[in-house]
Amino acid sequence: MTRHCAYCLKSIEGDEIKKCAGCMRRTYCSRECQVSDWTSKGQSHKIWCKDNIGEEDIDWEVKETEGKGLGVFAKRLLPKHTKIMVDRGYRTIKETPFEFINSLMPHGGTLQEKWDLNSFFTKEGGDNLGIRLARVNHDCRNNATNKFIPDLNSFILVAIKDIQEGEEISIQYYFYNDFSSSKEVRDVRESVIRPKWDINCDSSCICKNKEIIDSIQKGHELDELIFTLPIRTEDDIRESLKKVDELIEMGEKYASGIMPLARTYYDGFQIAITNKNTFPLHKKYIEKYLEACEVIDSKHSSNYAEALQYYNTPHLHKNSY
Ligand SMILES: [Zn+2]
Ligand SMILES: [Zn+2]
Ligand SMILES: [Zn+2]
């Protein structure tokens, strides 16, 4: 079986294939690549080796897909919440190996054009390019979602539903169903991303579904309301938590992925702990929050460590917002 070097992405065969002795899954073309992958700053295989992350050629493969250039396809059933891949984030063109960036779309474009098309803007880390992640195409009915983990300098790609063998793995490039953004922000994002990637949806696409669009809008209003409702009395708090539960229910139905949900779980936790009578209610929110962090983050990230602290010592976090 042909494999790819997990560090330099070169295709390798037979004797050339060197396996990580830890997981026996990740492969390299050379000792140098293995050492670099293990010790590199930020995203290093040392951190992820024991986490059973998907690997190229075993769990997924890169293939040509009609009209879209390259795409990433499942090589086996990838159950919901599988961590499909973890990818290093590059912050500048200079830092990115030339062959990597040169292999990206648009064909014949300048490095700057390739960077502009493929890099992701991350709230915490500015522009970041994940070479493997750049091959994952957009679908409004995405079956996976991605997150950047700044302290590990890594992108993670997670299945949000069962992905069948042979199915293309997809993410969303513009989150039309993001409750946390206003309609204006969503519209701007869409108007930039659609032409950039030539995403044309006809009226039957899920992103044009009126019921869903209205629900997203309602979800956004609810999200804003939760922040402005008073939480002075016990009755206030119970009223706020009702809104939180309503938003969670909508999120579980319409949001793609777990990130917007994670934030709402966290809000529920913060609101519940402000009063001693509602304090016990925090448990269900923090449990879900921790679970979400486990799915979409790494147990080695500072975000997860923080979530664990909230979980273990909730009473200490009362005034933290
Ligand atoms: Zn290599
Ligand atoms: Zn390993
Ligand atoms: Zn669409």
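Only a predicted model underlies this, so the values are computations on that prediction, with no experimental measurement involved.

Conventions and cut-offs
- Residues numbered from 1 in each chain as written.
- Chains lettered and ligands numbered in written order.
- Predicted model: local features only at pLDDT ≥ 70, side-chain atom pairs only at ≥ 80, totals over all residues.
- Heavy atoms only, no water.
- Donors = N, O, S within 2.8 Å, 3.2 Å for Na, K, Ca; no water.
- Tetrahedral: all angles 85-135°; square planar, octahedral: opposite > 155°, others 65-115°.
- Buried < 20%, exposed > 50% of the residue type's maximum accessible area, 1.4 Å probe, protein only.
- Salt bridge = Lys/Arg side-chain N within 4 Å of Asp/Glu carboxyl O.
- Helix = DSSP H or I, 4+ residues; strand = E, 2+ residues; numbered from the N terminus.
- Domains from an automatic or database assignment.
- Contact = heavy atoms within 4.5 Å.
- Buried area = accessible area lost by both parts, 1.4 Å probe.
- Polar contact = N/O pair within 3.5 Å; in protein donor to acceptor, adjacent residues only side chain to side chain.
- Nonpolar A, V, L, I, M, F, W, Y, C, P; charged D, E, K, R; others polar.
- Pairing = 2+ DSSP bridges.

Asks: Lay out the coordination of the zinc ion (ligand 1) with the relevant residues and their values.
Replies: At 2.3 Å from the zinc ion (ligand 1) lie its protein donor atoms, namely Cys5 (SG), Cys8 (SG), Cys29 (SG) and Cys33 (SG). Each of the four donor atoms around the zinc ion (ligand 1) contributes to a set of angles spanning 105 to 117°, which defines the coordination as tetrahedral. All donor residues of the zinc ion (ligand 1) come from one chain, and their arrangement in sequence is C-x2-C-x20-C-x3-C. By relative accessible area, which is 26% here, Cys8 ends up partly exposed.

Asks: Go over the pattern of salt bridges, please, and point to the residues and values.
Replies: Summed over all chains, the structure comprises 19 salt bridges. With a shortest N-O distance of 3.3 Å, Asp37 and Arg88 are connected by a salt bridge. Placement of the pair is Asp37 in helix 1 (residues 31-39) and Arg88 in strand 7 (residues 83-88), with a sequence separation of 51 residues. This pair shows no difference in class: Asp37 is buried, exactly as Arg88 is. Residue Arg238 is joined to Glu234 by a salt bridge in which the shortest nitrogen-to-oxygen separation is 3.0 Å. One end of the pair is Arg238 and the other is Glu234, both in helix 7 (residues 234-254) and four residues apart, which spans about a single turn. Classification of Arg238 as partly exposed rests on a relative accessible area of 36%. Through salt bridges with shared partners, a single network forms among Arg26, Asp37, Glu55 and Arg88.

Asks: Give me the lowdown on the coordination of the zinc ion (ligand 3), citing residues and values where you can.
Replies: Taken together, Cys140 (SG), Cys201 (SG), Cys205 (SG) and Cys207 (SG) make up the full set of protein donors to the zinc ion (ligand 3), lying 2.2 to 2.3 Å away. Between the four donor atoms coordinating the zinc ion (ligand 3), the angles at the centre fall across 106 to 115°, so the site counts as tetrahedral.

Asks: Talk me through the domain arrangement of the chain; I want residue IDs and the actual numbers.
Replies: Considered domain by domain, the chain is made up of domain 1 (1-39), domain 2 (51-171) and domain 3 (206-316). For domain 1 versus domain 2, the separation of C-alpha centres amounts to 19 Å. On the domain 2 side, the residues contacting the 12 residues of domain 1 number 14 residues. Here domain 1 packs against domain 2, burying approximately 1100 Å² in sum over the two surfaces, 42% of which is carbon and sulfur. At the junction of domain 1 with domain 2, the criterion picks out four salt bridges. Among the salt bridges present, the one from Arg26 reaches Glu55, with a minimum N-O distance of 3.1 Å. Summed over the shared surface of domain 1 and domain 2, the number is nine residue pairs in polar contact (both at pLDDT 80 or more). Per-class residue counts for the side of domain 1 that touches domain 2 are six nonpolar, two polar and four charged.

Asks: Help me get a handle on the pairing of strand 12 (residues 154-159), residues and values and all.
Replies: Counting buried positions along strand 12 gives six out of six residues, so the element sits mostly inside the fold. Residues Ser154, Ile156 and Val158 point to one face of strand 12 and Phe155, Leu157 and Ala159 to the other, with burial holding for every one of them. By the bridge criterion, five bridges tie strand 7 to strand 12 in an arrangement that is antiparallel. Each bridged residue has a counterpart across the sheet, and for Met85 the counterpart in strand 12 is Leu157. By the bridge criterion, six bridges tie strand 11 (residues 144-149) to strand 12 in an arrangement that is antiparallel. Paired with Ile149 across the two strands is Ser154, which belongs to strand 12. Linkage of strand 11 to strand 12, two consecutive antiparallel strands, is achieved through a turn of four residues, within which Asn153 is found at a positive phi near 50°.

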